[in-house]
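If you want the building blocks of each chain, they are given just below.
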Amino acid sequence: MDTALLFENATVLLPEIVLAVGVMVLMMVDIGLRKQNESGTLAALAIAILVLGMGASLLIWGRPPAEYLGGAVSDGFALSVRLVVLIAGIFGVLLSRNFLPSIERQGGAFYSLLILAVIGMMLMGTATNLIVLFIALEIFSLALYILSGFHRENPRSIEAAMKYFLLGAFASTFFVYGAALLYGAGGSTSYVQIHETLSSGGGNRSLVLPGIALLLVGFGFKVSLVPFHMWTPDVYQGAPTPVTAFMSVGTKAAAFAGFLRVMMVALPSLYEQWAAPLAILAVLTMTVGNLTALRQSSVKRMLAYSSVAHAGTILIALVAATPAATSAAAFYLFAYAFMNIGAFGVVIVLEGRGEGDVEQDRFNGLGTRYPSLAVAMAVFMLSLSGIPPLAGFFGKFLIFKAAVEADLAWLAVIGVLNSAISAYYYLRVVAAMFFREAEGEITCNCGPAINFSLAVTTIAVVVIGLQPGLWADLLRGL
Amino acid sequence: MPETSYYLILAALIFTVGATGVLLRRNALIIFMCIEMMLNSVNLTLIALARQWGNLEGQIFVFMVMAVAAAEVAVGLAILIANVRHQKSINIDEINLLKW
């Protein structure tokens, strides 16, 4: 191959390249600082690298979409996914400050893995080739398996890593088998060429449907759709909470981005075949997620089931499969990043230094002891349940609107009913904070990094809700 | 030259054997081996299809799958060892601290 081709349009991957170089620098600095206990410096460096990556994403934003070696593309949708993932990464670093002794001891490893996961997630959004998609998926999955077991003294954390790894690797094999069969069906790993072959009636037609079904299992696991969601509560509960916060947003954004692009670029000619099963999965996911969240006493598990339900809502956008629906999904993920990370941030504050679970009783009387913390949590809960005028409301509104426009009004109705169910368990936390008395002393593990993240996420949730139009230019669909 | 479908059927059988093993066995290491077997059946599928289409993309895909499988082994064994330190066992029935 001509080597000049390697550099043509290489700017498409500029943010990923910046982060990859940054990770290497970070690991070198870590080796240099081994003697001193310098986790603060490493955290600052990690944030600087992620901010540089965001700068690089914005730098290539104005340019016309270009493709790199038929494997990655830089369009508006890829940029939206990058932004969401980078935001999740930055807050992941901030929230992990002063949280775990093992993170402080091995800050270099922790932050490098976190940035590597960010790279993989960003690649998911840009991939236009099944091989790139598979590698991106594995890059972030492998990093997350280790991160979720990072609290090595805690058997729950190790158990979460073990479950996540075994089930994740199992699901990956389904994913790659599906990709292999799609390659067999279309004769190429490039989405565009698969589409050309299939829409012209060529290829191995008998391999298409098994391929889609297997791919669906793999994706369903990653975004935790019912019935592939069983790992979610265990891993979210057992993993260190900053990792959970990062993972819940980042994985969702990345996997949905990859999912949307495969279905809408490579397989639009088979819409009739895949839309109906996905619609059923969306209904199941929303309903089971919300109903199970109702009876959780641990806040982390409740948020885990709530994230399952949110995955169902975003899936509606894929069933609608219109450009408006994909930009609605991008907006939803953007809003979800702030409100979900914020909610986990409050859990981190109450949890102390990785001491375990936060039961809902811990929130009793928070409103009188720590009013600002309680107000922030109330904002996140109201936004997650979709109450106007907060960010979560507009995310849901845009997705339901896109569904109605695509003649899927029944799906939108089920989505709205589910929002009503979810309001019950979100508001229960709010009620506990403001209308119950505290039983004992509430310990509060505050630090400048956590306070800053909570302030930023709270303001962002309110501002995005009040000014949803501001972001329309930044967050685009396919 | 045998037809591609023979290879595809053989690969599907191996994949099924692997998946059954993952679901039925209780030893984490054996489960892990079953997952590797499933990945290799995918490799066989890819190679057969690459021959049928006469292009190299499937073969490149196989190399990527193998590289990823190797990385997965490194991460997976590390997690298994960390778990053995706590549990003194790799039986997945004993991994039950977290449940609903």
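The model shown is predicted, which means the values in this text are computed figures rather than measured ones.

So, how was this worked out
Residues numbered from 1 in each chain as written. Chains lettered and ligands numbered in written order. Predicted model: local features only at pLDDT ≥ 70, side-chain atom pairs only at ≥ 80, totals over all residues. Helix = DSSP H or I, 4+ residues; strand = E, 2+ residues; numbered from the N terminus. Buried ≥ 20, exposed ≤ 12 C-beta atoms within 10 Å, placed from the backbone. Contact = placed C-beta atoms within 7 Å. Nonpolar A, V, L, I, M, F, W, Y, C, P; charged D, E, K, R; others polar. Axes fitted to C-alpha atoms, helices over the stretch in contact; angles between N-to-C directions. Parallel < 35°, antiparallel > 145°, perpendicular 65-115°, else oblique. Left-handed = near helix turned anticlockwise from the far one by under 90°. pLDDT = per-residue confidence, 0-100. Core = buried A, V, L, I, M, F, W, Y, C linked by C-beta atoms within 7 Å. Expected span 1.5 Å × (residues − 1).

Along its length, chain A carries 20 helices and two strands. Principal-axis analysis of the C-alpha atoms places the extent of chain A at approximately 70 × 55 × 40 Å. Out of the 478 residues in chain A, the part that is buried amounts to 65%. If you take every contact in chain A between residues at least 6 apart in sequence, the share linking residues at least 24 apart comes to 81%.

The subject of this paragraph is the interface of chain B and chain A. On the side of chain A, 34 residues touch chain B, which itself brings 31 residues to the contact. Elements supplying a minimum of two residues to the side of chain B that touches chain A: helix 1 (4-24), helix 2 (28-53) and helix 3 (57-87) of chain B. Tallying contributions element by element places helix 3 of chain B first for the side of chain B that touches chain A, with 15 residues. Taken together, the residues that form the side of chain B that touches chain A break down as 24 nonpolar, five polar and two charged.

For the rest of this paragraph, the subject is unusual backbone geometry. Residues and elements named next belong to chain A. Val226 connects to Pro227 through a cis peptide bond whose omega is 10°. Relative to the assigned elements, Pro227 resides in the loop between helix 10 (208-222) and helix 11 (231-238). Between Pro388 and Pro389 the backbone carries a cis peptide bond, its omega angle lying at 5°. Considering the arrangement of structural elements, one finds Pro389 in the loop between helix 17 (371-385) and helix 18 (391-405). In this structure, Leu69 is a non-glycine residue whose phi angle is positive, near 50°. Its place among the elements puts Leu69 in the loop between strand 1 (66-68) and strand 2 (72-74). A residue is classified by how many C-beta atoms lie within 10 Å of it, and Leu69, with 16 of them, is partly exposed.

Residues and elements named next belong to chain A. Contact pair helix 18 / helix 19 (residues 409-435): the axes reach a minimum separation of 7 Å and the direction vectors enclose 155°. As judged from the angle between their axes, helix 18 and helix 19 are roughly antiparallel. In the crossing of helix 18 with helix 19, the sense of the turn from one axis to the other is left-handed. On helix 19, the residues that touch Lys396, Phe400, Ala403 and Val404 of helix 18 are Ala409, Leu411, Ala412, Gly415, Val416 and Ser419. A breakdown of the residues in the contact of helix 18 with helix 19 according to their chemical character gives seven nonpolar, two polar and one charged.

Take the confidence of the model for chain B next. With 97% of its residues at a pLDDT of 70 or more, chain B shows a mean pLDDT of 91. Confidence estimates for the predicted assembly give a pTM of 0.95 and an ipTM of 0.96.

This paragraph deals with the nonpolar core. Residue and element names in this part refer to chain A. Ranked by internal contacts, the top residues of the largest apolar core, which has 229 residues, are Val84, Ile115, Val118, Val319, Ala329, Met377 and Ile399. In terms of residues, this core owes the most to one element, helix 15 (residues 323-351), which gives 21 residues. Residues in contact with Ile399, not counting those within four places in the same chain, are Thr313, Ile316, Ala317, Ala325, Ala328, Ala329 and Tyr332.

With that settled, consider helix 10 of chain A. Residue and element names in this part refer to chain A. If you check helix 10, its first and last C-alpha atoms are 21 Å apart, about what 15 residues at 1.5 Å a residue would give, namely 21 Å. Of all 15 residues in helix 10, eleven are buried, a share of seventy percent or more. Along helix 10, the residues that are buried comprise Val208, Gly211, Ile212, Leu214, Leu215, Leu216, Gly218, Phe219, Gly220, Phe221 and Lys222.

All names here are of chain A. Within the secondary structure, Ala20 is located in helix 2 (residues 14-32). Residue classification places Ala20 among the partly exposed positions, given that 15 C-beta atoms sit within 10 Å. Sequence spacing of Ala20 and Ile49 is 29 residues, and the spatial spacing of their C-alpha atoms is 9.3 Å.

On to the packing of helix 6 (residues 107-126) of chain A against helix 12 (residues 241-266) of chain A. Residue and element names in this part refer to chain A. The N-to-C vectors of helix 6 and helix 12 enclose an angle of 25°; their axes lie 7 Å apart at closest approach. Taken together, the axes of helix 6 and helix 12 are roughly parallel relative to one another. The two elements helix 6 and helix 12 meet at a crossing, and its hand is left-handed. On helix 12, the residues that touch Leu114, Ala117, Val118, Met121, Met124 and Gly125 of helix 6 are Phe246, Gly250, Ala253, Ala254, Ala255, Ala257 and Gly258. Among the residues forming the contact of helix 6 with helix 12, the class breakdown is ten nonpolar, three polar and no charged.

A few words on the confidence of the model for chain A. Taken as a whole, chain A shows an average pLDDT of 91; of its residues, 98% reach a score of 70 or greater. When mean pLDDT is taken per element in chain A, helix 7 (residues 130-148) of chain A scores highest with 96 and helix 5 (residues 101-105) of chain A scores lowest with 76.

What follows concerns helix 13 (residues 271-294) of chain A. Here helix 13 of chain A contains 24 residues, and its C-alpha end-to-end distance of 34 Å stays within 8% of the 34 Å for a straight helix at 1.5 Å per residue. Check the buried side of helix 13 of chain A and you find it contacts helix 10, helix 12, helix 14 (299-320) and helix 19 of chain A.

As a further point, take the environment of Val62(B). All names here are of chain B. Take Val62: it is sitting in helix 3. For the pair Val62 and Ala50, spaced twelve residues apart in sequence, the C-alpha separation works out to 9.9 Å. Among residues more than four places away in sequence, those in contact with Val62 are Asn43, Leu46 and Ile47.

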